[in-house]
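The lines below spell out each chain.
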Amino acid sequence: MEQSEESIYLEHSDRIYRYIFLQVRQKELAEDLTQETFYRAFKNLHTFQKQASLSTWLLKIAKNATYDHFRRKRIIQFFSMGKEEVTDAISFSPEDEYLKKDSTQRLYNALASLKKDYREVLLLRKINESSIKETAYILGWTETKVKSTMARAFAALKKEMLEREGRIDE
């Protein structure tokens, strides 16, 4: 049974928005690129061959829409740390909230300093929770490349975070 465009949007828009927001770090731009993603998807829905899940296909379109934006604007940096953070609405105390934001900020700062391939694989695998197969499809890589890049990305992220904390000797 075919899903309506509205049901596709409702089911997948949050995941697509979150992926794009973590790339562009600007709420309005992420909203625009999310809309662009669904416009492209609905325009080309007839070409969807079900080689991957609909969610994976949409993430690939989102990746391409985001890349197209950066190419048009000639922006190299994929993360510009803004004041907005993706955080849970629940907190136990102001101190907990501060520590959580500080920790998240440090993670995103470290992530922003990694090379593009490392950022992309970490975003897709760990933040968007895409499978190895889905990540390979979205990035146009082999599953082996996803696995090896993921291992290198984790090592680079750990090293970057330790250096930022001044604990280089660990």
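Residues numbered from 1 in each chain as written. Predicted model: local features only at pLDDT ≥ 70, side-chain atom pairs only at ≥ 80, totals over all residues. Heavy atoms only, no water.

## Section: the packing of aromatic side chains
This is how the line gets drawn: Aromatic rings from Phe, Tyr and Trp, with only the six-membered ring used for Trp, were paired whenever their centres fell within 6.5 Å, and each pair was classed as stacked if the ring planes differed by under 30 degrees, edge-to-face if by over 60, and tilted otherwise. Whether a residue is buried, partly exposed or exposed follows from its accessible area with a 1.4 Å probe, protein chains only, as a fraction of its type maximum: under 20%, in between, or over 50%, in that order.
Within this structure, the stated rule accounts for four aromatic pairs. A centroid spacing of 4.8 Å and a plane angle of 40° characterise the contact between Phe-48 and Trp-57, whose relative ring orientation is tilted. Grouping residues by exposure puts Phe-48 and Trp-57 together as buried. Cluster of aromatic residues (ring-pair linked, three or more members): Tyr-9, Phe-38 and Phe-42.

## Quick notes on the nonpolar core
The nonpolar side chains of soluble globular proteins are, as a tendency, buried together. Counted only if it meets this: Put simply, buried Ala, Val, Leu, Ile, Met, Phe, Trp, Tyr and Cys residues joined by side-chain atoms within 4.5 Å make one nonpolar core. For helices the rule is a DSSP run of H or I covering at least 4 residues; for strands it is a run of E covering at least 2, with both sets numbered from the N terminus onward. Whether two residues are in contact is decided by their heavy atoms, any of which lying within 4.5 Å being enough.
The biggest cluster of nonpolar side chains holds 37 residues, and the ones touching the most others in it are Ile-16, Ile-20, Val-24, Trp-57, Leu-58 and Leu-122. Going through the elements one at a time, α1 (5–24), α2 (27–43), α3 (54–73), α4 (94–113), α5 (116–127), α6 (132–139) and α7 (143–164) are the ones with two or more residues in this core. Contact partners of Trp-57, with chain neighbours within four places excluded, come to Ala-41, Asn-44, Leu-45, Thr-47, Phe-48 and Tyr-137.

## Overview of the packing of α5 against α6
Defined as follows: Note on definitions: angles span 0 to 180 degrees between N-to-C directions of axes, and those axes are lines fitted to C-alpha atoms, for helices only across the stretch in contact. To sort the angles, those under 35 degrees are grouped as roughly parallel, those over 145 as roughly antiparallel, those from 65 to 115 as roughly perpendicular, and the leftovers as oblique. It is the rotation of the near helix from the far one that decides the hand of a crossing: anticlockwise by less than a right angle makes it left-handed, clockwise makes it right-handed. In this classification, the charged set is Asp, Glu, Lys and Arg, the nonpolar set is Ala, Val, Leu, Ile, Met, Phe, Trp, Tyr, Cys and Pro, and all remaining amino acids, among them Gly, are polar.
In contact at an axis separation of 10 Å, α5 and α6 are set at 140° when each is read in the N-to-C sense. The angle between α5 and α6 falls in the class oblique. Note that α5 runs across α6; the crossing there is right-handed. Residues Glu-120, Val-121, Leu-124 and Arg-125 of α5 pack against Ile-132, Thr-135, Ile-138 and Leu-139 of α6. Among the residues forming the contact of α5 with α6, the class breakdown is five nonpolar, one polar and two charged.

## Considerations on the side chain of Ser-55
Tracing the sequence through the fold places Ser-55 in helix α3. The exposure class assigned to Ser-55 is buried, which follows from its relative accessible area of 11%. When neighbours within four sequence positions are excluded, Ser-55 is seen to be in contact with His-12 and Arg-15.

## Notes on the packing of α5 against α7
Look at α5 against α7: their axes get within 9 Å of each other, and the N-to-C directions meet at 105°. Classified by the angle their axes make, α5 and α7 are roughly perpendicular. Here α5 contributes Asp-117, Tyr-118, Val-121, Leu-122, Arg-125 and Lys-126 to the contact with α7, which in turn contributes Val-146, Thr-149, Met-150, Arg-152, Ala-153, Phe-154, Ala-156 and Leu-157. Classifying every residue of the contact of α5 with α7 gives nine nonpolar, one polar and four charged.

## Focus: α1
Test applied: In this scheme, the bend at a residue equals the angle between the axes fitted to the seven residues that finish there and the seven that begin there.
The largest bend in α1 amounts to roughly 50° and is located at His-12. Taken together, the buried positions of α1 are occupied by Ile-8, His-12, Ser-13, Arg-15, Ile-16, Tyr-19, Ile-20, Phe-21, Leu-22, Gln-23 and Val-24. One or two positions beyond α1, positive phi appears at Arg-25, with a value near 60°.

## Observations regarding the pattern of salt bridges
Using the following cut-off: Salt bridges are identified by distance alone: a Lys or Arg side-chain nitrogen within 4 Å of an Asp or Glu carboxyl oxygen.
Under the defined criterion, the tally for this structure stands at five salt bridges. In this structure, Glu-31 and Lys-27 form a salt bridge, with 2.9 Å as the shortest nitrogen-oxygen distance. Note that Glu-31 and Lys-27 are positioned in helix α2 at a spacing of four residues, about one turn of the helix. Salt-bridge contacts for Lys-116 lead to Asp-117; the nearest nitrogen and oxygen are separated by 4.0 Å.

## Digging into unusual backbone geometry
With a phi close to 60°, Arg-25 is a non-glycine residue in the positive phi region. Relative to the assigned elements, Arg-25 resides in the loop between α1 and α2. The class for Arg-25 is buried, based on a relative accessible area of 4%.

## What about the environment of Lys-133?
Along the chain, Lys-133 turns up in helix α6. The exposed category is assigned to Lys-133, whose relative accessible area is 58%. Taking C-alpha positions, Lys-133 is 8.5 Å from Val-146, a pair spaced 13 residues apart along the chain.

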